[in-house]
Amino acid sequence: MDRRMDDNPTKSVFAKKGTYPTNDFFNAILDMGFYDRFFSSLHKDAKRIGISLFKPCKGIENISEYDIPLTHCVTPNKTYSF
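Here we look at the overall build of the protein chain
Consideration 1: Counting its regular elements, the protein chain contains two helices and three strands.
Consideration 2: N-terminal to C-terminal, the α/β element order of the protein chain is α-α-β-β-β.
Consideration 3: Out of the 82 residues in the protein chain, the part that is buried amounts to 13%.
Consideration 4: Put simply, of all contacts in the protein chain between residues at least 6 apart along the chain, 31% involve residues at least 24 apart.
Consideration 5: Counting every atom, the protein chain has about 8,200 Å² of accessible surface; 58% of that belongs to carbon and sulfur.

Describing the sheet that holds strand β1 (residues 49-51)
Consideration 1: With respect to topology, three strands assemble into an open sheet ordered β1-β2-β3, the strand pairing being mixed. Two strands close off the open sheet at either side, each with one partner strand: β1 and β3 (79-81). Averaged over neighbouring strand pairs, the angle between their axes works out to 20 degrees when direction is ignored.
Consideration 2: Bridge analysis of strand β2 (residues 72-74) against β3 gives three bridges, and the strand direction is antiparallel. Directly across from C73, in β3, lies its bridge partner Y80.

Thoughts on the packing of aromatic side chains
Consideration 1: Scanning the model with the defined rule gives two aromatic pairs in all.
Consideration 2: Judged by centre distance (6.5 Å) and plane angle (40 degrees), the ring pair of Y35 and F39 falls under tilted. One end of the pair is Y35 and the other is F39, both in helix α2 (residues 34-40) and four residues apart, which spans about a single turn.
Consideration 3: The exposure class of Y35 is partly exposed, given its relative accessible area of 35%.
Consideration 4: On the basis of an interplanar angle of 50 degrees and a centroid distance of 5.9 Å, the ring pair of F38 and F39 is categorised as tilted.
Consideration 5: Classification of F38 as partly exposed rests on a relative accessible area of 45%.
Consideration 6: The class for F39 is buried, based on a relative accessible area of 14%.
Consideration 7: Each member of the aromatic cluster is reached from another via a ring pair, and the members are Y35, F38 and F39.

As for a nonpolar patch on the surface
Consideration 1: A cluster of nonpolar side chains, contributed by I49, I51, L53, F54 and V74, occupies part of the molecular surface with about 560 Å² of accessible area.
Consideration 2: One can find V74 in strand β2.

Let's talk about the side chain of D36
Consideration 1: Locating D36 in the fold gives a position in helix α2.
Consideration 2: Buried charge without a salt bridge: D36, with R37 as the nearest opposite-charge side chain at an N-O distance of 7.6 Å.
Consideration 3: When residues no more than four places from it in sequence are discounted, the contact partners of D36 are Y66, D67 and I68.

Some thoughts on the environment of P56
Consideration 1: Along the polypeptide, P56 turns up in the loop between β1 and β2.
Consideration 2: With relative accessibility at 56%, the residue P56 sits in the exposed group.
Consideration 3: Along the backbone, P56 and C73 are 17 residues apart, and their C-alpha atoms lie at a distance of 9.4 Å.

Cut-offs used in this document
Residues numbered from 1 in each chain as written. Predicted model: local features only at pLDDT ≥ 70, side-chain atom pairs only at ≥ 80, totals over all residues. Heavy atoms only, no water. Helix = DSSP H or I, 4+ residues; strand = E, 2+ residues; numbered from the N terminus. Buried < 20%, exposed > 50% of the residue type's maximum accessible area, 1.4 Å probe, protein only. Contact = heavy atoms within 4.5 Å. Areas by Shrake-Rupley, 256 points an atom, 1.4 Å probe, with all protein chains shown as cover. Pairing = 2+ DSSP bridges. Axes fitted to C-alpha atoms, helices over the stretch in contact; angles between N-to-C directions. Phe/Tyr/Trp six-rings, centres within 6.5 Å; stacked < 30°, edge-to-face > 60°. Patch = residues over 30% accessible without salt bridge, like charges linked within 9 Å, V, L, I, M, F, W, Y side chains within 5 Å. Salt bridge = Lys/Arg side-chain N within 4 Å of Asp/Glu carboxyl O. Lys, Arg positive; Asp, Glu negative; His and termini not counted.

Rendered as structure tokens:
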């Protein structure tokens, strides 16, 4: 079967040039604590490294007692250690 991109069989939504899409699926995974549960299953000395394509923010609000902090964050310009 020929599946050309202009047919868009999965009804994927693409961001317009110059805009940033929101990813409701990824946000839902974060809200469910998927990464926190995964990180808590690792050895206490394991490095927890995040990747960001965006500029760092000054702070994070709504941190809960169940949130597991990253040890490092890699960006296109710099690697941060916490």
